[in-house]
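Residue strings, one per chain:
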Amino acid sequence: MEKQYEYRILYKPLGSVNASYHYYLAYSAEQALSFQENMVESKGWKIETLSVEQKNPYSMKWEDCSEVINK
């Protein structure tokens, strides 16, 4: 059985200067980004996704996975 990891996605509403995080439990960065895209679509938001990070459960540090944004 695969393990889920905690992901956080930094985003900014278009036209705003403030950025916010959304947190997800997912099997991959791609899946977390998909969750974000589905949520944004259902709410009708217009956002810019700035970064995707995975929490390393051993070091407790956030690791950059932002390459999934441009796939």
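In what follows, the structure referred to is the one given above.
These figures come from a predicted structure and were not determined experimentally.

S.K.: Just checking my understanding: could you explain the nonpolar core for this structure?
M.R.: As a rule of thumb, nonpolar side chains are buried together in soluble globular proteins. The biggest cluster of nonpolar side chains holds 12 residues, and these are Y7, I9, Y24, A26, A29, A32, L33, M39, V40, V52, C65 and V68. Among the secondary structure elements, those contributing two or more residues to this core are β1 (5-13), β2 (20-26) and α1 (29-43). The dominant element in this core, judged by the number of residues it contributes, is α1, at five residues. When residues no more than four places from it in sequence are discounted, the contact partners of A26 are K3, Q4, Y5, Y7, Q31, A32 and F35.

S.K.: Looking at this structure, I do not really get the sheet that holds β1. What am I missing?
M.R.: By definition, the strands of a sheet pair up through backbone hydrogen bonds, in either a parallel or an antiparallel sense. Strand order in the open sheet made by the four strands is β2-β1-β3-β4, with antiparallel pairing throughout. Single-partner strands in this sheet number two, and they are β2 and β4 (62-64). Strand-to-strand twist across the sheet, computed as the mean angle between neighbouring axes with direction ignored, equals 35°. Pairing between strand β3 (residues 47-55) and β4: three bridges, direction antiparallel. Within β4, the position partnered with K55 by the bridge is W62.

S.K.: Please clarify how unusual backbone geometry should be interpreted in this entry.
M.R.: Most peptide bonds are trans, and most residues other than glycine sit at a negative phi. Of note in the backbone geometry, M60 takes a positive phi value of approximately 65° without being a glycine. In this structure, M60 sits in the loop between β3 and β4.

S.K.: What is the right way to read the pairing of β3 from this model?
M.R.: A regular strand carries its side chains on alternate faces of the sheet. Looking at chain direction, β1 and β3 are connected through seven bridges and run antiparallel. Looking at β3, one finds that I9 is bridged to V52. Hairpin connection from β3 to β4: six residues lie between these consecutive antiparallel strands, with M60 at a positive phi of about 65°.

S.K.: I'm lost on the pattern of salt bridges in this one. Help?
M.R.: A pair can form between side chains of opposite charge whenever their charged atoms are brought close. In total, this model carries two salt bridges according to the counting rule given. A salt bridge links R8 to E53, with the nearest nitrogen and oxygen atoms 2.5 Å apart. Of this pair, R8 sits in strand β1 while E53 is found in strand β3, placing the two residues 45 residues apart along the sequence. Under the relative-accessibility criterion, R8 is labelled buried at 15%. E48 is the salt-bridge partner of K12, the closest N and O atoms lying 3.9 Å from each other. Of the two residues, K12 is situated in strand β1 and E48 in strand β3; the sequence distance between them amounts to 36 residues.

Rules behind the numbers
Residues numbered from 1 in each chain as written. Predicted model: local features only at pLDDT ≥ 70, side-chain atom pairs only at ≥ 80, totals over all residues. Heavy atoms only, no water. Core = buried A, V, L, I, M, F, W, Y, C linked by side-chain atoms within 4.5 Å. Buried < 20%, exposed > 50% of the residue type's maximum accessible area, 1.4 Å probe, protein only. Helix = DSSP H or I, 4+ residues; strand = E, 2+ residues; numbered from the N terminus. Contact = heavy atoms within 4.5 Å. Pairing = 2+ DSSP bridges. Axes fitted to C-alpha atoms, helices over the stretch in contact; angles between N-to-C directions. Salt bridge = Lys/Arg side-chain N within 4 Å of Asp/Glu carboxyl O.

As far as function goes, none of this settles anything; it's purely spatial.
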